[in-house]
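If you want the building blocks of each chain, they are given just below.
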Amino acid sequence: MKLNEITDNPGSRHAKKRVGRGIGSGLGKTAGRGGKGQTARKGGAKAGFEGGQMPIYRRLPKRGFNKPNQVDYNEVNLSLVQAAIDSKRLDPKQPVNAAALVAAGVISAPKGGVRLLGKGELKAKVAFEVYHATAGAIAAVEKAGGSVKMLKPVEKAPDAK
């Protein structure tokens, strides 16, 4: 291969379309934009506007519900906790809560609390202080000789408008 033999891939470069350069070019006068009206203007039609017809997003029924005071939890699997204990980042003799998990690098920042999930296996005897735990996670912790203390989440007042 030589420097003077290097070329672009076929079709990677396109010639710029020159519009409004006379009737003989095929793109003169209206420059491919058609006649007058809303679509000939800059910006075109508004998104979701269907020419006065009832738009589809208003024709279809609303579904679902968004909880106004929903709590966002840090979800932690037992396998992550066991990996942190194995690498000596987490002390199994101390209670495992959000602050201990942040210090160990298991979670990056505490959100609304910790939610313990049962994926993985726990070998160490650990005392957890969490806001929520699945039944499988509680069974696995108790099988290893540990305990799970449920904390009561702080109730947020709904936004007054």
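See the structure above.
This section reports on the structure supplied with the text. (Residues numbered from 1 in each chain as written. Predicted model: local features only at pLDDT ≥ 70, side-chain atom pairs only at ≥ 80, totals over all residues. Heavy atoms only, no water.)

A few points about the overall build of the protein chain
- Scanning the protein chain from N- to C-terminus turns up four helices and five strands.
- Along the chain direction, N to C, the helices and strands of the protein chain fall in the order α-β-α-α-β-β-β-α-β.
- Against the compact-globule benchmark of 15 Å for 161 residues, the protein chain has a radius of gyration of 31 Å, which places it well outside the compact range.
- If one aligns the C-alpha atoms of the protein chain with their principal axes, the spans along those axes are about 85 × 65 × 25 Å.
- Relative to its 161 residues, the protein chain shows a buried fraction of 20%. (Helix = DSSP H or I, 4+ residues; strand = E, 2+ residues; numbered from the N terminus. Rg over C-alpha atoms; globule rule 2.2 N^0.38 Å. Buried < 20%, exposed > 50% of the residue type's maximum accessible area, 1.4 Å probe, protein only.)

Focus on helix 4 (residues 135-143)
- Every buried residue belonging to helix 4 is among Ala137, Ala140 and Val141, and all of these are buried. Projected down its long axis, helix 4 shows its buried positions confined to an angular sector of 100 degrees, all on one face. With respect to the buried face of helix 4, the exposed residues turned more than 90 degrees away are Ala135, Glu142 and Lys143.
- In the core, the buried residues of helix 4 are packed alongside helix 2 (78-86), strand 2 (114-117), strand 3 (127-130) and strand 5 (147-150). (Arc of directions from axis to C-beta. Contact = heavy atoms within 4.5 Å.)

A closer look at the pattern of salt bridges
- Tallied over the full model, the rule gives four salt bridges.
- The partner of Arg13 in a salt bridge is Asp8, and the shortest N-O contact between them spans 2.4 Å.
- The partner of Arg59 in a salt bridge is Glu50, with the nearest N and O atoms 2.9 Å apart.
- Since its relative accessible area comes to 46%, Arg59 is described here as partly exposed. (Salt bridge = Lys/Arg side-chain N within 4 Å of Asp/Glu carboxyl O.)

Some thoughts on the sheet that holds strand 4 (residues 132-133)
- Taken in spatial order, the three strands make up an open sheet running 1-2-4, and their pairing is parallel. Across the chains shown, the open sheet's two edge strands, defined by having one partner strand only, are strand 1 (74-77) and strand 4.
- Two strands pair when backbone bridges link them, and strand 1 and strand 2 are joined in this way by four bridges, in the parallel orientation. Bridge assignment links Asn77 to a residue of strand 2, and that residue is Leu117.
- On top of the sheet, helix 2 reaches strand 1 and strand 2; it is set at about 70 degrees to strand 1, its chief contact. (Pairing = 2+ DSSP bridges. Axes fitted to C-alpha atoms, helices over the stretch in contact; angles between N-to-C directions.)

Honestly, that's just the spatial picture; any functional story needs more than this.
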